[in-house]
Amino acid sequence: MQLATISPDIFPSTVSPSYKPDTAKNYTSFTLTADAAATGVSNLRRAYATQLWVLLGATGLVLLLTSVNLANLMLARATVRGREIAVRLAIGASRGRVVRQLLSESALVAGLGAAGGLLLARWISQTLVRVLNVGPAPVFVDLTPDWRLFAFIVASAFVACMLFGLGPALTATRRDPATTLEPGGRSSIDGHDAVAVRRGLVVGQVALSIVLVVGAVLFGRTLRNLGADLGFDPNVLVASVDLRRTAVPAEARTRTFADIVARLREVPGVGHAAETLIVPLSGADWNGRIVRGGVAQEGDVHFNEVGGSYVRAMATPLLSGRTFDDRDRPDTPRSAIVNETFARRHFPNEDPIGQTFQMDMPAGAAQPVYQIVGVSKDAKYLGVREERTAAAIRFSAHESSAMFLPIAYLAASQNTMAPPDFRIVLRADMPPSSITRALTRAITDVAPGAAVSYDAIAKYVDALLVSERLIAWLSGFFGALATLIAAIGLYGVMSCLVTRRRVEIGVRMALGAEPRTVIRMVLADSGRLLAVGVVIGAALAVVASRYAASLLYGLTPSDATSFAVAIGALSAASLVAAWIPARRASTLAPAVALRQ
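How each quantity is defined
- Note on numbering: residues in each chain are counted from 1, in written sequence order.
- Totals for whole chains, interfaces and linings use every residue, but because this is a predicted model, local features are given only for residues with pLDDT of at least 70 and side-chain atom pairs only at 80 or more, for both listing and counting.
- Heavy atoms throughout the structure, all of them, feed into the side-chain values; hydrogens and water do not.
- A run of H or I in DSSP becomes a helix once it reaches four residues, and a run of E becomes a strand once it reaches two; helices and strands are each numbered from the N terminus.
- Only protein chains enter the calculation, and the probe is 1.4 Å; a residue is then buried if its accessible area is under 20% of its type maximum, exposed if over 50%, and partly exposed in between.
- Whether two residues are in contact is decided by their heavy atoms: any pair within 4.5 Å suffices.
- The accessible surface values rely on the Shrake-Rupley method and a 1.4 Å probe; as for residues, cover is taken only from the protein chains in view.
- Here, a strand pair is defined by DSSP locating no fewer than two bridges between the strands.
- When the centres of two rings from Phe, Tyr and Trp lie within 6.5 Å, Trp using its six-membered ring, the rings pair. Their planes under 30 degrees apart give stacked, over 60 give edge-to-face, and anything left gives tilted.
- What makes a nonpolar core is a set of buried Ala, Val, Leu, Ile, Met, Phe, Trp, Tyr and Cys residues whose side-chain atoms join them at distances within 4.5 Å.
- Here an axis means a line fitted to C-alpha atoms, over the contact stretch when the element is a helix, while the angle between two N-to-C directions is reported on a 0 to 180 degree scale.
- Any angle that falls under 35 degrees is termed roughly parallel, while one over 145 is termed roughly antiparallel, one within 65 to 115 roughly perpendicular, and all others oblique.
- When the near helix sits turned anticlockwise from the far one by under a right angle, the crossing is termed left-handed; a clockwise turn instead gives a right-handed crossing.
- Here a polar contact is recorded for every N or O atom pair within 3.5 Å, except that within protein the pair must consist of a potential hydrogen donor and a potential acceptor, and residues adjacent in sequence are included only if both atoms are side-chain atoms.
- Residue-level confidence of the predictor is summarised by pLDDT, bounded by 0 at the bottom and 100 at the top.
- Just to be clear on terms, a salt bridge is a Lys or Arg side-chain nitrogen sitting within 4 Å of an Asp or Glu carboxyl oxygen.
- Patch construction takes residues with relative accessible area above 30% that form no salt bridge. Like charges are linked within 9 Å, and nonpolar side chains (Val, Leu, Ile, Met, Phe, Trp, Tyr) are linked within 5 Å.

Quick notes on the overall build of the protein
For step 1, the next point in the chain: Along its length, the protein carries 18 helices and 13 strands.
For step 2, the next point in the chain: Residues classed as buried in the protein amount to 41% of the 596 residues present.
For step 3, the next point in the chain: Contacts spanning at least 24 positions in sequence make up 79% of the contacts within the protein whose residues lie at least 6 apart.
For step 4, the next point in the chain: For the protein, the accessible area works out to roughly 30300 Å², and carbon and sulfur atoms hold 61% of it.

What follows is the structure in structure tokens.
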């Protein structure tokens with residue numbers, strides 16, 4: 001509170017004289033804050049909160065789905081034990097005592113499951129943190145179990161026990177023992193109402209499974225979309241060259257880097273090489289506003305300084321104009337290549353080739369004029385989600401809010417005072433491990449003593465996709481598990497129905513029904529359950545996916561293709577599971593069935 005109080009006095013008194021009015025206004029609006037030393041300053045919560053909430057929701061759905069499936073299995077188990085329970089009730093056992101016995105059996109299953117989950121929790125948590133540590137910034141998370149973790153596990157086990165144990169226990173003790181023990185009498189849960197309950201549980205399983213499978217498909221397609229169209233080929237080797245320990249003077253760095261690039265192109269296996277100040281997706285940025293016609297334009301432009309072969313090395317198509325060449329020297333007018341978004345934003349109704357702009361520099365600084373000589377295809381610059389740009393900075397009423405950042409590439413050959421460290425992007429037809437030694441030798445031949453290190457743009461992409469890959473993997477696992485559970489549930493119910501209708505099926509076959517007719521009858525029954533579950537599940541999935549809309553890319557929460565794939569996959573697995581008891585019913589001998 002005290003820091004917030006003194007902030008209005010601190011920031012206005014420390015405004016730099018070089019700040020322009022809008023920059024100064026933004027600076028003076030800052031407020032000092034304090035964070036607890038125990039947690040420090042971290043962006044983990046903001047970066048991963050939505051993903052973790054989605055995964056927690058998926059885990060809860062899996063727990064609910066498993067509980068529903070166990071309830072179905074416990075109901076089937078109680079069917080087999082119907083006479084045993086009736087005998088216990090007949091010789092004096094109270095209904096409460098029998099319910100307690102059945103619940104204790106359920107509690108044993110839930111307890112063993114919770115204990116197994118506790119043993120796996122720490123290992124799985126450490127694995128997830130290791131996955132998140134793929135990026136350059138390490139992630140520190142305290143994974144020491146505490147009382148809240150144990151309380152959650154106990155509560156989850158209790159809730160699961162109630163979900164899959166209480167209903168079957170109450171149903172199993174509901175019917176009169178005398179009726180159950182009559183010769184030819186059915187068990188207490190073998191009636192029409194019990195079958196309806198089991199059907200309802202299967203419908204619920206299918207509905208919950210649809211939600212999880214739709215989520216798995218949406219997140220899987222999002223991961224594919226994020227790496228599909230970067231605007232360049234990520235299979236590019238990056239050589240970082242530092243000249244600070246060499247004898248190269250500052251005014252000769254531009255020429256030295258050009259000589260290094262020329263020497264690298266002679267290395268066997270190298271197709272294209274070009275210098276670049278900023279490597280896309282590396283986290284580095286250079287941005288500012290431009291001036292056109294003496295007026296500062298709204299919105300930032302992102303800049304980069306590159307060599308003439310940059311677009312070829314990065315496999316970024318040049319749509320019009322030319323690349324940088326020998327015409328772009330320090331003593332000639334400054335040249336620039338802009339991307340499509342830059343051209344549409346600042347030259348919406350005219351050909352950008354030949355147009356000029358200036359950088360918006362601090363007061364008193366030189367503002368060189370840049371002439372546009374080429375237009376390149378849009379490419380990612382800061383992150384893989386750049387197309388999720390806010391609608392507030394749209395530059396045209398007809399332009400979608402999904403767009404790339406505006407980029408202006410400047411000619412490195414026109415920089416008279418290049419920085420001491422530079423990056424070189426190379427496209428080679430050989431594995432990096434087999435060519436780096438030759439590359440290093442070529443660099444040090446031109447600049448003895450230069451420090452050289454290597455990286456790959458593909459690694460930057462992998463680091464940026466850590467959270468998306470994590471959620472895609474886990475949601476895929478949950479979706480596959482949900483499909484398996486739903487198939488098992490449908491198989492169990494159809495097996496039970498086939499057993500109940502054994503006499504009916506025997507009569508049908510004795511009267512001339514063919515095996516395929518019996519198979520169609522059983523599959524039609526299972527198809528109705530599946531259809532109801534799919535309709536309910538699709539509606540739930542539409543609602544649930546809206547909460548994860550911010551995690552999607554190139555897709556809407558109600559994407560029809562994703563829903564079709566999810567419904568088709570789950571339906572196919574469920575019908576295969578239903579076909580097994582249907583096939584078994586078609587092979588039933590009528591004489592055997594009629595004797596029962």
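Some remarks on the pairing of strand 1 (residues 237-242)
For step 1, the next point in the chain: Across 6 bridges, strand 1 lies against strand 12 (residues 421-428) in antiparallel orientation. Residue V241 lies in a different strand from strand 12, and its bridge partner there is F422.
For step 2, the next point in the chain: Bridge count between strand 1 and strand 13 (residues 451-456): 6 bridges; the pairing is antiparallel. Considered in strand 13, the bridge of S240 is made with S453.

Notes on the packing of aromatic side chains
For step 1, the next point in the chain: What the rule picks out here adds up to 10 aromatic pairs.
For step 2, the next point in the chain: Ring geometry for F11 versus F30: centroids 5.9 Å apart, planes at 90°, classification edge-to-face. In this pair, F11 sits in the loop between helix 1 (2-10) and helix 2 (21-28) while F30 sits in the loop between helix 2 and helix 3 (44-80), placing the two residues 19 residues apart along the sequence.
For step 3, the next point in the chain: Aromatic pair W286 and F303: ring centres 5.5 Å apart, planes at 45°, arrangement tilted. Residue W286 is located in the loop between strand 2 (270-276) and strand 3 (287-288), and its partner F303 is located in strand 6 (residues 301-306); the two are separated by 17 residues in the primary sequence.
For step 4, the next point in the chain: Among the aromatic residues, those joined into a cluster by ring pairs are F342, F347, F357 and Y370.

Describing the nonpolar core
Generally speaking, soluble globular proteins have nonpolar side chains that are buried together.
For step 1, the next point in the chain: Residues V206, I210, V214, M494, I505, V522 and L529 are the most contacted members of the largest nonpolar core, which totals 41 residues.
For step 2, the next point in the chain: Taken together, the elements giving at least two residues each to this core come down to helix 8 (192-226), helix 14 (466-500), helix 15 (502-510), helix 16 (515-547) and helix 17 (560-586).
For step 3, the next point in the chain: Take this core: its biggest share by element is 11 residues, from helix 8.
For step 4, the next point in the chain: The residues contacting L529, other than those within four sequence positions of it, are R199, V202, V203, L490, V493 and M494.
For step 5, the next point in the chain: Core analysis: the next-biggest nonpolar cluster, separate from the first, contains 32 residues, Y310, V311, V373 and A472 among them.

Quick look at unusual backbone geometry
For step 1, the next point in the chain: Positive phi outside glycine occurs at L281, with the angle close to 70°.
For step 2, the next point in the chain: With respect to the helices and strands, the residue L281 is situated in the loop between strand 2 and strand 3.
For step 3, the next point in the chain: Phi is positive for A315, close to 60°, though the residue is something other than glycine.
For step 4, the next point in the chain: You can see A315 is positioned in the loop between helix 10 (310-313) and strand 7 (318-321).

Concerning the packing of helix 14 against helix 16
For step 1, the next point in the chain: Where helix 14 meets helix 16, the axes come as close as 11 Å, and the angle between the chain directions of the two elements is 135°. In terms of orientation, helix 14 lies oblique with respect to helix 16. The chirality of how helix 14 crosses helix 16 is right-handed. Between helix 14 and helix 16, the residues in contact are L490, V493, M494, L497 and V498 and V522, D525, S526 and L529, respectively.

Some remarks on the environment of K380
For step 1, the next point in the chain: By the element assignment, K380 lies in the loop between strand 10 (369-376) and strand 11 (407-411).
For step 2, the next point in the chain: Classification of K380 as buried rests on a relative accessible area of 2%.
For step 3, the next point in the chain: Along the sequence, K380 and P406 sit 26 residues apart, while their C-alpha atoms lie 9.7 Å from each other.
For step 4, the next point in the chain: Among the polar contacts made by the side chain of K380, one reaches the main-chain carbonyl oxygen of V384 at a distance of 2.9 Å.

Quick look at the confidence of the model for the protein
For step 1, the next point in the chain: Summary statistics for the protein give a mean pLDDT of 81 and a share of 87% for residues scoring 70 or more.
For step 2, the next point in the chain: Note that residues 185-189 has pLDDT below 50 and, in this model, 20 contacts with residues that lie over four places away or in other chains.
For step 3, the next point in the chain: Across residues 388-402 the pLDDT falls below 50, and counting only partners more than four positions away or on other chains, this stretch makes 22 contacts in the model.

Some thoughts on the packing of helix 9 (residues 253-264) against helix 12 (residues 436-446)
For step 1, the next point in the chain: Contact geometry for helix 9 and helix 12: axes closest at 9 Å, N-to-C directions at 145°. The crossing of helix 9 and helix 12 is right-handed. Contacts between helix 9 and helix 12 involve T256, D259, I260, R263 and L264 from the former and L439, A442, I443, D445 and V446 from the latter.

Focus: the environment of P17
For step 1, the next point in the chain: Mapped onto the secondary structure, P17 falls in the loop between helix 1 and helix 2.
For step 2, the next point in the chain: Once the C-alpha coordinates of P17 and P362 are considered, the two residues, 345 residues apart in sequence, prove to be 9.3 Å apart.

Notes on the side chain of Q51
For step 1, the next point in the chain: Its location among the elements puts Q51 in helix 3.
For step 2, the next point in the chain: When its relative accessible area of 12% is taken as the criterion, Q51 is described as buried.
For step 3, the next point in the chain: When sequence neighbours within four positions are dropped, the list of residues in contact with Q51 reads S467, I471 and L551.

A closer look at the pattern of salt bridges
For step 1, the next point in the chain: A full pass over the atoms with the stated rule returns 20 salt bridges.
For step 2, the next point in the chain: Between R199 and D525 there is a salt bridge, with its nearest N and O atoms 2.8 Å apart. Of this pair, R199 sits in helix 8 while D525 sits in helix 16, placing them 326 residues apart in sequence.
For step 3, the next point in the chain: Judged by relative accessible area, R199 falls into the partly exposed class, the value being 24%.
For step 4, the next point in the chain: Residue classification places D525 among the buried positions, given a relative accessible area of 6%.
For step 5, the next point in the chain: One network of salt bridges, in which partners are shared, links R322, D325, R327 and D328.

A short note on a nonpolar patch on the surface
For step 1, the next point in the chain: A contiguous nonpolar surface patch, about 200 Å² in accessible area, is contributed by I6, I10 and L32.
For step 2, the next point in the chain: Examined against the element boundaries, I10 turns out to sit in helix 1.
For step 3, the next point in the chain: Among the residues examined, I10 registers a relative accessible area of 33% and is labelled partly exposed.

Some details on the pairing of strand 8 (residues 334-339)
For step 1, the next point in the chain: For strand 8, a buried count of 5 out of 6 residues is recorded, marking the element as mostly surrounded by other parts of the structure.
For step 2, the next point in the chain: Where strand 8 meets strand 10, 6 bridges bridge the pair, whose relative direction is parallel. Bridged to S335 within strand 10 is Q371.
For step 3, the next point in the chain: Relative to strand 11, strand 8 is paired through 3 bridges, and the arrangement is antiparallel. Among the inter-strand pairings, V338 is bridged to a residue of strand 11, identified as A408.

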